[in-house]
Amino acid sequence: MLKPKRMISKQEAIEILDKCDHGYLSMIDEEGNPYGVPINYFLDKGAHALYFHCSKTGKKYRALHLHPQVSFVAVAQTQIIPDRFITHYESALISGTVSFIEDEQEMRVLLGRLCERLAAGELAKRPSVIDMYINAVAIGKITIESISGKRNVDY
């Protein structure tokens, strides 16, 4: 059961999402089974959305087209405290709906933002990498419908 003292504000949950570089996307697959995968992403606070990339031919892409409702969790600063049988952590959980960006120019901008998030400063190769993958990748947008978070740091 979630202890109220561990719940954090929506703003604190957004800050956790903003500082993490990966999280876990949970969805329903094509057969109706639970399916979860780790993904890299970036948060766009203005759009109230998370963006990620995936293959246009993969299981994740197919599943999200059939069942666009998802949940996503990012966990930061975990530390197991063995002698106390607890874990210090902070996490953010969102629920939302996935849509895919269709406009190529918008995809290029979003891929650039993802590159900046994951490989900041690597500017020289960025255009050629985007050119190489633009036709193979899809850019997913998770529109955030709810957000919550928890923190356990009982120092």
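Here is a short report on the structure shown in this document. (Residues numbered from 1 in each chain as written. Predicted model: local features only at pLDDT ≥ 70, side-chain atom pairs only at ≥ 80, totals over all residues. Heavy atoms only, no water.)

### Overview of the pairing of strand β5 (residues 69–81)
Within a regular strand, side chains alternate between the sheet's two faces. For clarity, the cut-off: Any two strands between which DSSP finds at least two bridges are classified as paired. A helix here means a DSSP run of H or I that spans at least four residues, while a strand means a run of E at least two residues long, and both kinds are numbered starting from the N terminus.
Where strand β1 (residues 22–28) lies against β5, 3 bridges are found, and the strand directions are antiparallel. Paired with Leu 25 across the bridge in β5 is Phe 72. One ladder, built from 11 bridges, connects β5 with strand β6 (residues 86–100); its direction is antiparallel. Of the residues in β6, the one forming a bridge with Ile 81 is Ile 86. Hairpin remark: β5 followed by β6, antiparallel, with 4 residues in the connecting loop; positive phi at Phe 85, about 60°.

### Remarks on the pattern of salt bridges
Inclusion rule: Here, a salt bridge means any Lys or Arg side-chain nitrogen found within 4 Å of an Asp or Glu carboxyl oxygen. With a 1.4 Å probe rolled over the protein chains alone, any residue whose accessible area is under 20% of its type maximum counts as buried; one over 50% counts as exposed, and the rest are partly exposed.
A complete count under the given rule lists 10 salt bridges for this structure. Among the salt bridges present, the one from Arg 151 reaches Glu 90, with a minimum N-O distance of 3.0 Å. With Arg 151 in strand β7 (residues 137–152) and Glu 90 in strand β6, this pair connects stretches of sequence that are 61 residues apart. The class of Arg 151 is partly exposed, set by a relative accessible area of 22%. On the accessibility criterion, Glu 90 (5% relative accessible area) is buried. Across the salt bridge formed by Glu 116 and Arg 126, the nearest N and O atoms sit 2.7 Å from each other. Here the residue Glu 116 occupies a position in helix α3 (residues 104–118), and Arg 126 occupies one in helix α4 (residues 126–133), the gap between them amounting to 10 residues.

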